[in-house]
Amino acid sequence: MEPIIWEWINLVARWVHVITAIAWIGSSFYFVALDLSLKKREDLPQGAGGEAWQIHGGGFYNMVKYLVAPDRLPKELTWFKWEAYSTWISGFFLLCVLYYRGADLFLVDPQVSMLSPKEAIAISVVSLALGWLAYDLLCKSPLGESDVKLAAAGFVVLVAAAYGFSQVFSGRGAMLQMGALIGTMMVANVFFLIIPNQRKVVDALLAGQSPDPKLGRQAKQRSLHNNYLTLPVLFLMLSNHYPLAFGSHWAWVMTALVLVMGGVIRHFFNSRHAGKATPWWTWGVAAACMAAIIWLSTLPPPREHEVATATKPWIGAPAPAPVQTAAAAGPVSFAQVTDVVVSRCSMCHSTMPGWEGINEAPRGVLLDSPEEIRRHASLIRLQAVLTHAMPPANVSQITPEERDLLGRWTADPDLAVQ
């Protein structure tokens, strides 16, 4: 019963996280677009900085923005905060349920660093807090007076963090950690600065005082940061499903390119919303970044000796011994292929998985029979040859020679000797 409960907790957590993220991203994109599209009119109320007319759902909306605040506040004032808070809470819960609970498979890789699961979890949590503090201090430094200089400094810090995580966590864990770090920074912007500044403005108005315009400028700057970081965060969060991204030795460089790509795409739409000259060049930059990411994913994994250390053995049995492989130039025997896949992969990908905590074969992929192995040849090539995504953390201690054997077979499965 316990694996069933955890599986449903995982699904529900993902569902809630996606729903709240849609709500937050939607409201964030809308208000940035609205703010950029505001136009000055002669008959605007005193203190108003612009207005926009919109039509949706059969009705017309007249949106007016006050530079500081109106002379009086309405009885009902909508605060946009729980979309952000709920996204982070559900995301961190999902991080705990999947990556922290299964740290030995998804967060730790002995070939990267010999961390225990508890050490990796501690580094993960502490780095989220330190990352926010470093970013916040950067914004409050003299660099914060220039959006361009601050963006450049922030880019360098994030790329350095991506490289650092790649030296500590597994490939999948490093990219997800980057997504969690940026997401934490974005939510902390809302919690520690944007909402508090808005409350200070409201309190000043209720006290009959003039709010400090600096409060609004600070909140707007952080809101703009959130806007430009949204697309990179989505890429990083989705990357854990795609081994060509997280399984690459150059994943940290991919992260740098994603930051640029997401930023220029948002710049295109923000410029359009503001009525400025359309920066068509941004799509060229985005396409070049995507092409570079794809090229990096094709580079072969490093050939260094794989560490033969699993975080825990098969249930009730030691890790299997290396399978005897044919010479690199010789013909590939499908019997040898079957031996490699069954001994290295079927611990999880079978009708009765032998790995503790895994109740069913991941994604329903079975690799415990010759028929299933043939059927999943392309998937085996992607996960275990073109990348080293599988086995996760190399828990079954697959050797480079065995990967070579799988590579020669998957290049043309029909040529295998029976």
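Residues numbered from 1 in each chain as written. Predicted model: local features only at pLDDT ≥ 70, side-chain atom pairs only at ≥ 80, totals over all residues. Heavy atoms only, no water.

## Thoughts on the overall build of the protein
Then, number 1: For the protein, the helix and strand inventory stands at 14 helices and two strands.
Then, number 2: The buried share of the protein, taken over its 418 residues, is 44%.
Then, number 3: Taking all contacts inside the protein whose residues are at least 6 apart in sequence as the whole, residues at least 24 apart take part in 67%.
Then, number 4: For the protein, the accessible surface area stands at approximately 22500 Å², while carbon and sulfur atoms represent 66% of it. (Helix = DSSP H or I, 4+ residues; strand = E, 2+ residues; numbered from the N terminus. Buried < 20%, exposed > 50% of the residue type's maximum accessible area, 1.4 Å probe, protein only. Contact = heavy atoms within 4.5 Å. Areas by Shrake-Rupley, 256 points an atom, 1.4 Å probe, with all protein chains shown as cover.)

## Thoughts on the confidence of the model for the protein
Then, number 1: In this model, the protein carries a mean pLDDT of 86, and residues with pLDDT of at least 70 account for 90%.
Then, number 2: In this model, residues 304-318 is a region of pLDDT below 50 whose contacts with residues beyond four sequence positions or in other chains number 35 contacts. (pLDDT = per-residue confidence, 0-100.)

## What about the packing of aromatic side chains?
Then, number 1: In this structure the tally under the stated criterion is 17 aromatic pairs.
Then, number 2: Each ring, one from Tyr 163 and one from Trp 252, has its centre 5.1 Å from the other, and the planes form 75°; the classification is edge-to-face. Taken as a pair, Tyr 163 in helix H5 (residues 147-166) and Trp 252 in helix H9 (residues 251-273) lie far apart in primary sequence, 89 residues in all.
Then, number 3: Accessibility expressed as a relative area gives 40% for Tyr 163, which makes it partly exposed.
Then, number 4: Arranged with centres 4.9 Å apart and planes meeting at 90°, the rings of Phe 191 and Phe 192 form a pair that is edge-to-face. (Phe/Tyr/Trp six-rings, centres within 6.5 Å; stacked < 30°, edge-to-face > 60°.)

## What about the layout of surface pockets?
Then, number 1: In this model, the second largest pocket occupies a volume close to 1500 Å³.
Then, number 2: The wall of the second largest pocket is formed by 45 residues, among which Leu 98, Phe 106, Ile 358, Glu 360 and Pro 362 lie closest to the centre.
Then, number 3: Listed by contribution, the elements that provide at least two residues to the lining of the second largest pocket are helix H1 (2-37), helix H2 (82-100), helix H3 (103-106) and helix H13 (377-386).
Then, number 4: A per-element tally of the lining of the second largest pocket places H1 first, with eight residues. (1 Å grid on protein atoms, 1.4 Å probe; cavity = no way out; pocket = protein on both sides within 12 Å on 5 of 7 lines; lining within 4 Å. Points joined across faces, edges and corners; volume = space filled by probe spheres on them.)

## Things to note about the environment of Ala 161
Then, number 1: Tracing the backbone through its elements, the reader meets Ala 161 in helix H5.
Then, number 2: Separated by 20 residues in the primary sequence, Ala 161 and Leu 181 have C-alpha atoms spaced 9.2 Å apart.
Then, number 3: Excluding anything up to four places from it in sequence, Ala 161 contacts Met 178 and Leu 181.

## Notes on the environment of Thr 298
Then, number 1: Checked against the element boundaries, Thr 298 lands in helix H10 (residues 281-298).
Then, number 2: The spatial distance from the C-alpha of Thr 298 to the C-alpha of Leu 386 is 7.5 Å, given a sequence separation of 88 residues.
Then, number 3: A distance of 2.5 Å separates a polar atom in the side chain of Thr 298 from the backbone oxygen of Trp 295. (Polar contact = N/O pair within 3.5 Å; in protein donor to acceptor, adjacent residues only side chain to side chain.)

## Observations concerning the nonpolar core
Then, number 1: Core analysis: the biggest nonpolar cluster contains 48 residues, and Leu 158, Met 178, Ile 182 and Val 190 have the highest contact counts within it.
Then, number 2: Of all the elements in the fold, those that place two or more residues in this core are H2, helix H4 (117-140), H5, helix H6 (171-206), helix H7 (213-238), helix H8 (243-246) and H9.
Then, number 3: If you tally residues by element for this core, the top one is H6, at 15 residues.
Then, number 4: If we ignore the near neighbours within four places in the chain, the residues touching Ile 182 are Leu 158, Leu 229, Val 233, Leu 236 and Leu 259.
Then, number 5: Residues Phe 334, Val 365, Ala 384 and Trp 409 belong to the second largest nonpolar core, which totals 17 residues. (Core = buried A, V, L, I, M, F, W, Y, C linked by side-chain atoms within 4.5 Å.)

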